[in-house]
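Understanding the architecture of this molecule
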Amino acid sequence: MKEYLLILVSTVLANNFVLARFLGVCPFMGVSGKLEGAIGMSVATMFVLTLSSASSYLVNRYLLQPFELEYLSILSFILVIALTVQATELLMRKTNPLLSRILGIFLPLIASNCMVLGVTLLNVQQQHNLLQSALYGFGAACGFGLVLVMFAAMRERTEYAPVPLPFRGSPIGLITAGLMALAFMGFTGLARL
Amino acid sequence: MSSNREIFLDGLRLNNTGPMALFGVCPLLAVTSSLITGLALGLATTIALVFSNFTVSVVRGRLRPEIRIPAYALIIAAVVTVIQLLMQTWFFDLYQVLGIFVPLIVTNCAIMGRAETFAVRNSPLPSMLDGFATGLGFCLVLVLLGTTRELLGKGTLFSHGELIFGAPGNAWQLAVLPDHYGFSLALLPPGAFMCLGFLMAGRNWLDSCRAGGERPGQAVRLRQHVPLESS
Amino acid sequence: MKQDTAAELARNAGKRVFHFHGGLRLHHHKQASCKVAVQTLAIPPRLYIPLAQNAGPAAQPLVTPGSRVLKGQQLARFDEPSLGFVHAPTSGTVVAIARQPVTHQSGLEGLCVVLKPDGLDRWTQLDPIEHWRSVDAEVILQRLCESGLVGLGGAVFPTSKKVDEARKSGIHTLILNGAECEPYISCDEMLMREQPDKIVLGALILQRAVAAEQVIIAIEDQMGEVFSALQAALSRADCTDVRLVRVTTIYPDGGEKQLIQVLTGLEVPSGCRPPELGLLCHNVATAAAVAEAVTEGKPLLQRIVTVSGNGVKRPSNLLALIGTPISNLVDACGGYTEDAARLVLGGPMMGYALASDQNPVIKAANCILVLSQRDVQPGQAEMPCIRCGECARVCPALLLPQTLNWQIRNDLLDQATDSGLGECIECGCCDYVCPSHIPLVDWFRFGKSEHNLLSKARAQSERARDRFEAREARLEQLRQDRTRRMNEKKQALQDRPPSPDGAPGRGQP
Amino acid sequence: MDIEQAAPKSGAAWRGALTLGLIALLVTALLAGVNQLTRQRIERQQRQAARVQLEQLLPSAQHDNVLQEDSYTFRDIAWFPSGQGITVYRARKNSTPVAAIFRLAATDGYNGDINLLIGITFEGSVTGVRVISHQETPGLGDPIESGTSDWITKFSNRSLHDPELAGWALKRDGGEFDQFTGASITPRAVVRAVRTTLEYFAANRDLVFAQPADSLQNEVTR
Amino acid sequence: MRQVLYALCPGIVVYTWFFGTGMLMQILLASAFALLFETLMLKVRKQPLALFLNDGSAIVTAVLFALCLPPLAPWWIACIGMFFAIVITKHLYGGLGYNVFNPAMVGYAVVLISFPQAMTQWLPPMAIAPVDIGFLDGLRSILTGHLPAGLTWDAVTQATPLDAIRSSVANGQTVAEARHLATFGDVGGRGWEWVANAYAAGGIWLIWQRVISWQVPTALIGSVFLLGLAGFVLDPGSNPSPLQHIFYGAVVLAAFFIATDPVSGCTSPHGRLIFGAGVGILTLIIRRWGAYPDGVAFAVLLMNMAAPLIDRYTRPRIYGH
Ligand SMILES: Cc1cc2nc3c(=O)[nH]c(=O)nc-3n(C[C@@H](O)[C@H](O)[C@H](O)COP(=O)(O)O)c2cc1C
Ligand SMILES: Cc1cc2nc3c(=O)[nH]c(=O)nc-3n(C[C@H](O)[C@H](O)[C@H](O)COP(=O)(O)O)c2cc1C
Ligand SMILES: Cc1cc2nc3c(=O)[nH]c(=O)nc-3n(C[C@H](O)[C@H](O)[C@H](O)COP(=O)(O)O)c2cc1C
Ligand SMILES: Cc1cc2nc3c(=O)[nH]c(=O)nc-3n(C[C@H](O)[C@H](O)[C@H](O)CO)c2cc1C
Ligand code: SF4
Ligand code: SF4
Ligand code: SF4
Ligand code: SF4
Ligand code: FES
């Protein structure tokens, strides 16, 4: 039990994927212009990351490892991720058209950010089991969503502040991200409880 | 078709590649705690770009539009895997340091961008040149950021040279600032973000100087706080 | 506390005293102008009577330059019948009908009748309604309309219109607003002290007009003398369904919505007016004017104006004719002091600066405030908002002025409207407390007018687009019809055996 | 990677899938080839990397067995209450025990585990201590790294009798080992871990060398 | 802003009384750097100097930052801290009123992370100090970064109460055992508790003056107390009592002066309650499980991040809606 809790605390707070591990920074900087978009992106990421971590675990455990095909891991994980995104999109369109319309635009974006592949690779590296893998993906997405949503709300403020010209836009966004990372360093040590 | 020189300059110009348009930021931040690691990933990315651009360009005419993107993904993944295996063979320690950011060259959106925008339209040689130039541009940013952070953080340059250059590299470390200097924030995540922010602001500033004034779309907003504007 | 329904609360108005959010306890500075009784101002050499009351359309003149007029005679008529007439404040000769600076925030010019009084102050024929208790309510309304009666509480909305619409929604409680919450202003207070009977009479007439069950006269609890005067008047009039309620002195308890909240605990829902709760609110001076208009037949020709502030020598209340230049009022109060700095129409909270003291007194002019150098405090430069939240703490409309402020400054007018810009009553509380000295209310007024313009422009382009689309549709329809008819014709011609007269092409376009 | 496109006709779809499959096959073949070429070298590298770490504590000349293959992992709550697995690499020369290297975590550091390698000769003196990984505060706790200060080398050649048991503590606690300026928790944890390991080894030496080796190769890197 | 400075005076006086003049030097140093950077940035951004310098917000930032420093911290700590506070956190965002993060706390967090050694050299109260470092020696060590000859940091400094508790708990002792050390007073640290009282007095005056609202201090101290109580009841061995939690470290200072920073905090009344409670809860979480003995600064920064979001969802109901 405790180790699962630790995975969550670690991925969401102490080793936040965006602010401490540098994974998924592109969508973090790119989608955060509006709060609504940020929320949509977070939810979509949660779906995809959880599913793709679990399924790539299965691929790794029952396909790559038994046949000593580890060198195909990048290739196969990329395919798994693409398929997961497709499947999620299809499933959503069938079961929940409304949700699909809201989240649909974010799904392709997710497939091309390095957090998803990063999570699957880290799962292998850290020898997680199925549940741990899924939780790891879920936690990573939660951490991503948490900082993304806060970042978006902050950006709505900095947008209209008289920021010096060279710093408008991405630079002040990056500095904000830096200060967020600074604040998140306060969680150092939390991952051991 | 533009001349090779133009292709090269175009590729090299930073705004073509991801980093300044905010793509491929993750490796940029993650491996630049020293110049050497930054350089290493930059070179690896360049190689990946050259070969993936080449391959994509070779097969481009033979693919139907709807399978183009998955096919490119496969090709790029293969190229990167080869690089990963080779790096493990020859630069094992370096591979350990760069960690998952070597396989992540795949998603590094820069590659996708270049493969889709350039290599699909051009013949193999210009594509390779473009890949090379783009990679070099990316590499330049990595080195710049790595230099800044290493200098600010440890006061050294070229530390851990052995990772790329083997044993002789060990001696290349340059202690620019006195030994007891150290500002570890620059090496930590906050420093990474902020340094990149300053780098981009610097480029914006240079651009605006070159353009001789404000950049369009960034005009001072009307009706800001009165004393700020009027004085 | 038991759960009261809204209707019950409304009916129990005044039985319990509630609070509204925010507000300010201000030093009221009223003593200065209350020391002496209201003086009647001498008739000035010229009167400038604006033909438009507010920003609305001007009335059509019924006189020409050179016409001799009597006091109370109709000078002009509004196209909109419910707006009634503009009357001559005294007898004399019309010198001109010309554009003059008018007393308005905009500081622009407007059409005025310039009247040269003859000093005789001769009345025109008056027509009092003596038996107002027995006449139809319509008759009273007609009289209010003809008398040019408008709300004297500040909004100068035509009283007859307000009463008429209220009557249709059914009113159970009439509230007379005697709170007069803004500092310095004491015209209502002096009126209530000196003519309480007239106010009570007006209240009864209004009550009759809207068939209200009860009347509440609300005053602030710091008005001791007023209370006894009104109480005496009430016992003289011997009416049992008129109650006098004292409310806690917190600015802006005189605001209609705030007063209703204090008396009933209810908020007037957004987009609704008080009559929808069965409540009607009028200023006490309006009530007095109603009494004069009905029982004496006199139209609204004059009003009490407070002249006060540190920039005037002898602050006092004056009964002035509409159209009197403000300089005359100041002179009657001993003139300006050495350090007079700014002229404000209205109180320090809601008033606006006037460009010149040649502007005439208008029906809305409750107060002429002359600020001294000391009051203006030029050293306090505006600073950026530090988000301290003081403004939100005092805002009686429960808005977040700091948010509105940056939304308006950044041209996010739709967002500002979503954040409740329209609910701002411009009371000035936020301005008053802002430690950064941001002229918030100015921004809000600006934002409102900008948004109005924007909506108008949008509506216009919408209409234009609709028109365009309609035209396109019409043309398309025409085209289709024509081709259809042509085809039908062709068909018909082909189907039909050639006619004997052999004119198949006829009728083809 | 927006794969969604206008749905092609079914014949075209088949051809597309076939092309993709072909590419996948080619790519896989390529990778299989490269893998074949590099695999042995990579494995050697990995083993080499592990050996380098162990060699810091025990030069390869002193033993003739492969340490990673002669290793086992155990847990012993009585001695090491954190319950974490501890790996022991045994060095033998001509099948006589020479030394043992313990890989274990000191769990009472300032911030998380401090992973240590502790080498002990058969006679019970320390051949060396190295920190493999830790999360102590940079600037405060990192003098335990061999690259940052020589503090960690002060354990070499010490044993349970040098100093006596009471001396196996920080100077501040009445022992012989330096604390760091502003940080005593980190060094205390390391000292304590080394002492406990020495005591364990003294008490269980024969058992340590008698244990059968695990089937797994125990890598040193995390 | 002036009033904030006045309100800090009692705390500073008591601090100096117990811990010597080092703190005064830090305040002067930090203020000088703050004014320097403020002037520089105003010049670069072409803003009216007098207007913004008179406002005093830079001094408030400097003083609050200095109050978090160990009294003998070398001068470049103040320099770097103020650079991050004034230049990066404040002026890059548009200057006074536009910053999203609390400048003083960013400055503090930066120097704490970068120079943990210098930032943990706390002096014990003079009454129990083994050596008395005079004004001149103090000044010299601030300016050079070295103690006078013959002294070592280990001899001069002592762990703060929170550090001491952490070390003891890490050593397997209970909090009650740790509290026998001389650095502890009746409820908080020796000396520290009186400083906290003085801060609280100043803070209450600020509430009375309506410079700060009651919500943040109440919510912050309230949440520390309640959560502290829960921890104490569940495991008195490794948790200090709730009252001790309040009097250790910077909780009182933060409750009245730091978390109340209007610019980087929440503006709506409900938002302020959430903000204060959030700071309290995060502080205790970091104290209990995190790597830093006092989490107040990080808690404030973390809540700064959440503030725009909280504000958005705690807008008061508009009149009539
Ligand atoms: C930011 C910060 C980081 C710290 N990191 C460490 C550390 O890595 N190792 C350590 O032993 N103590 C660390 N400490 C705590 C020490 O300062 C602590 O006071 C000391 O270890 C115990 O005090 P002592 O040396 O006076 O016994 C840290 C404290 C702070 C504030
Ligand atoms: C543009 C406008 C339209 C109004 N229309 C009506 C109306 O149709 N019926 C009515 O009883 N009152 C009407 N009023 C009056 C208001 O409901 C309210 O009684 C009056 O404006 C009070 O404003 P005050 O609080 O500023 O004095 C109107 C007011 C304004 C400004
Ligand atoms: C902030 C504010 C304060 C007001 N204060 C008073 C007041 O003190 N007395 C008053 O009669 N009307 C006051 N009014 C106007 C009233 O809202 C309302 O318009 C008036 O009582 C309606 O009466 P009338 O139609 O007779 O003018 C105030 C309006 C606002 C917006
Ligand atoms: C009540 C109050 C508290 C303040 N607290 C802080 C603070 O904690 N940190 C800080 O840098 N400035 C503080 N300031 C000063 C000022 O608000 C701050 O410099 C702004 O954040 C700069 O834009 C405070 C000001 C006031 C009025
Ligand atoms: S204008 Fe001012 S004083 Fe007059 S009634 Fe309105 S609020 Fe009261
Ligand atoms: S002027 Fe408007 S925003 Fe300001 S306090 Fe009054 S109602 Fe609120
Ligand atoms: S009172 Fe002024 S400074 Fe304070 S929040 Fe409101 S607008 Fe901003
Ligand atoms: S709504 Fe505002 S702008 Fe419009 S008339 Fe009223 S005060 Fe003027
Ligand atoms: S590089 Fe990580 S998401 Fe783009």
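Residues numbered from 1 in each chain as written. Chains lettered and ligands numbered in written order. Predicted model: local features only at pLDDT ≥ 70, side-chain atom pairs only at ≥ 80, totals over all residues. Heavy atoms only, no water.

Looking only at helices and strands, one finds eleven helices and two strands in chain B. Here chain B, with 231 residues, has 56% of them falling under the buried criterion. Long-range contacts, defined here as pairs at least 24 residues apart, represent 74% of the contacts in chain B between residues at least 6 apart. Total accessible area on chain B stands at roughly 9400 Å², and carbon and sulfur atoms take up 65% of it. (Helix = DSSP H or I, 4+ residues; strand = E, 2+ residues; numbered from the N terminus. Buried < 20%, exposed > 50% of the residue type's maximum accessible area, 1.4 Å probe, protein only. Contact = heavy atoms within 4.5 Å. Areas by Shrake-Rupley, 256 points an atom, 1.4 Å probe, with all protein chains shown as cover.)

So, about the overall build of chain C. Helix and strand counts for chain C come out as 16 helices and 17 strands. Taking all 509 residues of chain C together, 52% fall into the buried category. For chain C, contacts bridging at least 24 residues in sequence account for 73% of all contacts bridging at least 6. As presented, chain C carries roughly 23300 Å² of accessible surface, and 51% of it is formed by carbon and sulfur atoms. Of the side chains in chain C, 55 bear a positive and 56 a negative charge, and the two mean positions are spaced by 4 Å. (Lys, Arg positive; Asp, Glu negative; His and termini not counted. Charge placed at Lys NZ, Arg CZ, Asp CG, Glu CD.)

This brings us to the interface of chain B and chain A. On the chain A side, the residues contacting the 42 residues of chain B number 41 residues. For the pair chain B and chain A, the two sides together bury roughly 3500 Å², of which 81% comes from carbon and sulfur. One can count one residue pair in polar contact (both at pLDDT 80 or more) joining chain B with chain A. Listed by contribution, the elements that provide at least two residues to the side of chain B that touches chain A are helix H3 (25-30), helix H5 (65-90) and helix H10 (189-211) of chain B. Residue contributions to the side of chain B that touches chain A peak at twelve residues, all from H10 of chain B. Of the residues contributing to the side of chain B that touches chain A, the split by class is 32 nonpolar, eight polar and two charged. (Buried area = accessible area lost by both parts, 1.4 Å probe. Polar contact = N/O pair within 3.5 Å; in protein donor to acceptor, adjacent residues only side chain to side chain. Nonpolar A, V, L, I, M, F, W, Y, C, P; charged D, E, K, R; others polar.)

A few words now on the pattern of salt bridges. In this structure the tally under the stated criterion is 36 salt bridges over all chains. Residues Arg93 of chain A and Glu89 of chain A are paired through a salt bridge, measuring 3.9 Å at the closest nitrogen-oxygen approach. Highlighted residues: Arg93 of chain A and Glu89 of chain A, both in helix H4 (residues 73-95), separated by four residues, approximately one helical turn. In this structure, the salt-bridge partner of Asp70 of chain D is Arg90 of chain D, at a minimum N-O distance of 3.0 Å. Note that Asp70 of chain D is positioned in the loop between helix H1 (10-57) and strand S1 (71-74) and Arg90 of chain D in strand S2 (residues 86-93), a separation of 20 residues in sequence. Under the relative-accessibility criterion, Arg90 of chain D is labelled buried at 0%. (Salt bridge = Lys/Arg side-chain N within 4 Å of Asp/Glu carboxyl O.)

Here we come to the sheet that holds strand S2 (residues 47-50) of chain C. All names here are of chain C. Spatially, S2-S8-S7-S4 is the arrangement adopted by the four strands of the open sheet, whose pairing is antiparallel. Strands at the two margins of the open sheet, each flanked by one partner only, are S2 and strand S4 (68-69). One ladder, built from four bridges, connects S2 with strand S8 (residues 109-117); its direction is antiparallel. Residue pairing in the sheet places Ile49 in a bridge with Val113 of S8. (Pairing = 2+ DSSP bridges.)

With respect to the helices and strands, the residue Arg45 of chain E is situated in the loop between helix H2 (22-44) and helix H3 (49-55). One buried charged residue, Arg45 of chain E, remains without a salt bridge, the closest side chain of opposite sign being Glu38 of chain E at 7.5 Å. Filtering out sequence-adjacent residues up to four positions away, Arg45 of chain E remains in contact with Pro162 and Pro164 of chain A together with His91, Gly94 and Gly95 of chain E.

Bringing helix H16 (residues 296-313) of chain E into the picture now. Along an α-helix, a turn takes 3.6 residues, which lines up residues three or four apart on a common side. Residues and elements named next belong to chain E. An ideal rise of 1.5 Å per residue puts 26 Å on 18 residues; H16 measures up with 24 Å between its terminal C-alpha atoms. Along H16, the sharpest kink reaches roughly 45°, centred on Ala306 and followed within four residues by the proline Pro308. With 16 of 18 residues buried, H16 lies mostly within the body of the structure. (Expected span 1.5 Å × (residues − 1). Bend = angle between axes of the 7 residues up to and from the residue.)

Gly153, Glu180, Cys181, Glu182, Ile185 and Asn366 of chain C make up every residue found near ligand 5. Looking at side-chain class alone, the shell around ligand 5 contains two nonpolar, two polar and two charged residues. (Near = heavy atom within 4 Å.)

This paragraph deals with the sheet that holds strand S15 (residues 340-345) of chain C. By definition, the strands of a sheet pair up through backbone hydrogen bonds, in either a parallel or an antiparallel sense. Residues and elements named next belong to chain C. Here we have six strands laid out as an open sheet, ordered S1-S14-S13-S17-S15-S16, and mixed in their pairing. Strands at the two margins of the open sheet, each flanked by one partner only, are strand S1 (39-40) and strand S16 (352-353). Both S15 and S16 contribute to a ladder of two bridges, which runs antiparallel. In the sheet register, Leu345 faces S16, and the bridge partner there is Tyr352. Strand contacts of helix H5 (residues 187-194): strand S13 (302-308) and strand S14 (316-321), with the helix running at about 125° to S13, the strand carrying the most contacts. (Axes fitted to C-alpha atoms, helices over the stretch in contact; angles between N-to-C directions.)

All names here are of chain E. The environment of ligand 4 is made up of 19 residues, and the closest members are Thr61, Asn99, Asn102, Phe257 and Asp261. Between ligand 4 and Ile258 there is a distance of 3.5 Å, counted from an oxygen atom to a backbone nitrogen or oxygen. Starting from 540 Å² of accessible surface for ligand 4 in isolation, the protein chains cover 99%. Of all elements in the fold, only helix H4 (57-66), helix H6 (103-114) and helix H14 (251-258) reach the threshold of two or more residues within the shell around ligand 4. At four residues, the largest contribution of residues to the shell around ligand 4 is made by H4.

Counting residues in each nonpolar core, the largest one holds 235 residues, and the members touching the most others are Phe28 and Met180 of chain A together with Leu8, Met82 and Phe257 of chain E. If sequence neighbours within four positions are ignored, Phe28 of chain A has contacts with Val18, Phe144, Val147, Leu148, Phe151, Ala177 and Met180 of chain A. Judged by nonpolar contacts, the second largest core, of 80 residues, contains Ala285, Leu300, Val312 and Tyr352 of chain C. (Core = buried A, V, L, I, M, F, W, Y, C linked by side-chain atoms within 4.5 Å.)

All names here are of chain B. Confidence along chain B averages 77 in pLDDT terms, with 78% of residues attaining 70 or more. This stretch, residues 14-20, has a pLDDT under 50; its non-local contacts, to residues over four places away or in other chains, come to 22 contacts. Counting contacts from residues 214-231, a segment whose pLDDT is below 50, to residues more than four positions away or on other chains yields 41 contacts. (pLDDT = per-residue confidence, 0-100.)

Attention now moves to unusual backbone geometry. Of note, the amide linkage connecting Tyr251 of chain C to Pro252 of chain C takes the cis form, showing an omega dihedral of -10°. Looking at the element boundaries, Pro252 of chain C is found in the loop between strand S11 (242-247) and helix H8 (256-264). Here the amide bond leading from Asp162 of chain D into Pro163 of chain D is cis, since omega sits at 0°, within 30 degrees of zero. Summarising the element assignment, Pro163 of chain D is placed in the loop between strand S5 (126-133) and helix H2 (185-210).

Attention now goes to H5 of chain C. Judged by how many residues are buried, H5 of chain C sits mostly within the fold: six of eight residues are covered. Turning to H5 of chain C, its buried residues number three or more, namely Cys187, Asp188, Glu189, Met190, Leu191 and Met192 of chain C.

The two faces of a sheet get side chains in turn, since along a regular strand they alternate between them. Residue and element names in this part refer to chain C. Along S14, six of the six residues are buried, which leaves the element largely enclosed by surrounding structure. Where burial is concerned, the two faces of S14 agree: the one with Ser316, Leu318 and Ala320 and the one with Asn317, Leu319 and Leu321 are both buried. Here S1 runs beside S14; their pairing, made up of two bridges, is parallel. Bridge assignment links Thr40 to a residue of S14, and that residue is Leu319.

Here we take up the arrangement of the chains. Between chains A and B lies the most contact-rich interface of the nine pairs of chains that touch. With no contact between them, chain C and chain D keep their nearest C-alpha atoms 33 Å apart.

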